[in-house]
Structures are given as C-alpha cells and as structure tokens.
Amino acid sequence: MTDFKIAPSILSADFARLGEEVEAVLSAGADIVHFDVMDNHYVPNLTIGPMVCKALRNYGIEAPIDAHLMVKPVDRMIGDFIEAGATYITFHPEASDHIDRSLQMIRDGGCKSGLVFNPATPLHFLDHVMDKVDMILLMSVNPGFGGQKFIPGTLDKLRQVRKLIDASGREIRLEVDGGVGIGNIREIAEAGADTFVAGSAIFNTDDYRATIDKMRAELAL
Ligand code: DX5
Ligand code: ZN
C-alpha cells in the first residue's frame, strides 16, 4: 500500500499564532509541514523565510518541514534553510542557473532535495537529475497564492511523472500542491501522487482532525 502523506500548507494558517497552528495540524494527524517561501520576485507575493523555519524548530516542532522555495535566485536560500532545520528543500528549475549544483547543495547539507514544476514547466528538467531528487513536486495551480482552483491537466502530468519514478526504481516522493481537498484527493492519488499539500482545504475548516480524517478516508477507498 502506498505510504500517503498529508502536508498542510501553513500559508493558510493564522500567522499570528503560527506555532500553535502547526502543533494543531500535526496533532490532528498531518505528516509534514509544507512551508511556502515567496519573494515578490519569482512569484507575486511575499511570505516567510528561514527565520520563521528556525523559530518553529525552536518552538519544538519536530515533524518534517517541507520548504517550498519560490525565490529567485535560489542558492543563498538553500544554505539558509539547511541552517534553519528544513527537512525537504524544493525549488523551481527556472529559479536556478545550475540545477545540478543546487540539488547537490541541498543533499550536501543533509536535507532531502526536490524540483518543483509549474503547470507549464516541462518535465525535461528531470532528464539528467533523477538520481539527485528525493521529491518531485507538481504545482496544480500557478504559484503565489493559496485558495486557487486545481488545474485538471495536472492529472496527466502526474501520470507521466509516476511512470518516470517507477521506471527509475528510486524512492522519490511525488507531491502535488494547489487546490487539493477532500473532493479531489482520491483522483489525484489515482494519478500517482503520494504526498498532498493542502492549505485552505485544511486551515479554512474549524476541525482540522475531521478534515484530515476525511482526506485519509478518501485515500483508503
Ligand atoms: C501556492 C503554494 C501552495 C498553497 C496551496 O503557491 O505553493 O502551497 O499554499 O494552497 P491551497 O491548498 O489553498 O491551494
Ligand atoms: Zn507550496
């Protein structure tokens, strides 16, 4: 059976109570903390950086932190997030001049590495680095904001990446990010994803546990 992981995106959390919010989703059954880093340059929004990641570690959060870097250039932030205690560090290939080097920096820092594909970013960026990624993240919305609608074409792209991963024989997580919720998580899993980012679908509900339980029930069907 696939080892499905639920990764709430804290972009939709109440930032004034971030530590409590992260504790709440983790005790409600979340597996991974998805941490969206936006720079108002690569994407048209500005969020949180390594200091906040470090603050969550200092607060006592021990769960994996999945730092999704939507920043350009990306390399300096990689070092900072390694220092800040990130578990996964993923970046967009368009944001790096030397993709192989950036991936290597992440692993050399003891973190898990990943590449992120926007809806229109071609998969050929994976061609020569399948041995250097621990995660492939497919964006199912254009990056920059929470609460957008899932782009259905992502399902085909997921199927393609699932084939690539299976053919590689490697252990690579396939994550999907944007517009994921109870209503579509099952078809997304059927298309090959094993790690599900959900921001508004979790944080905009009153009962995080009930929402995550419903997502897991869909995955168990
Ligand atoms: C978008 C971010 C997502 C976002 C997802 O650029 O990368 O992680 O928070 O939010 P929802 O789940 O609300 O679409
Ligand atoms: Zn994200």
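Owing to the predicted nature of the structure, the values given are computational and were not obtained by experimental measurement.

A. Representation of the pairing of strand β2 (residues 33–38). With 6 of its 6 residues buried, β2 lies for the most part within the structure. Burial along β2 is two-sided: the residues Val33, Phe35 and Val37 and His34, Asp36 and Met38 are all buried. Relative to strand β3 (residues 65–70), β2 runs parallel, the two sharing 6 bridges. Residue pairing in the sheet places His34 in a bridge with Asp66 of β3. In this fold, the crossover linking β2 to β3 by way of helix α2 (residues 50–59) has right-handed handedness.

B. Local environment of the site of ligand 1. Taken together, 21 residues form the shell around ligand 1, and within it Ser9, Pro143, Gly146, Gly199 and Ser200 come nearest. Looking at the shell around ligand 1, the elements with two or more residues in it are β2, β8 (195–198) and α7 (200–203).

C. Quick look at the pairing of β3. Among the 6 residues that make up β3, 6 are buried, leaving the element largely enclosed by the rest of the structure. Side chains Ile65, Ala67 and Leu69 of β3 all project onto a buried face; the interleaved residues Asp66, His68 and Met70 project onto the opposite face, where all are buried too. The sheet contact formed by β3 and strand β4 (residues 88–91) spans 4 bridges and is parallel. When the sheet's bridge partners are listed, Leu69 is paired in β4 with Phe91. Regarding topology, helix α3 (residues 75–83) serves as the crossover connection from β3 to the parallel β4, and that connection is right-handed.

D. Focus on the confidence of the model for the chain. The predicted model of the chain has a mean per-residue pLDDT of 98, with 100% of residues at 70 or higher. Here the predicted complex carries an ipTM of 0.99, next to a pTM of 0.98.

E. Representation of the nonpolar core within the structure. If you look at the biggest cluster of nonpolar residues, it comprises 65 residues, and the most contacted ones within it are Ala67, Leu69, Ala86, Ile89, Ile136 and Phe196. It is strand β6 (residues 135–139) that contributes the most residues to this core, 5 residues altogether. If we skip the residues at most four places from it in the chain, Phe196 touches Ile6, Ala7, Val176, Val180, Ile185 and Ile188.

Thresholds, definitions, all that
- Residues numbered from 1 in each chain as written.
- Chains lettered and ligands numbered in written order.
- Predicted model: local features only at pLDDT ≥ 70, side-chain atom pairs only at ≥ 80, totals over all residues.
- Buried ≥ 20, exposed ≤ 12 C-beta atoms within 10 Å, placed from the backbone.
- Helix = DSSP H or I, 4+ residues; strand = E, 2+ residues; numbered from the N terminus.
- Pairing = 2+ DSSP bridges.
- Right-handed = clockwise from strand over helix to strand, strands pointing away.
- Near = placed C-beta within 6 Å.
- pLDDT = per-residue confidence, 0-100.
- Core = buried A, V, L, I, M, F, W, Y, C linked by C-beta atoms within 7 Å.
- Contact = placed C-beta atoms within 7 Å.

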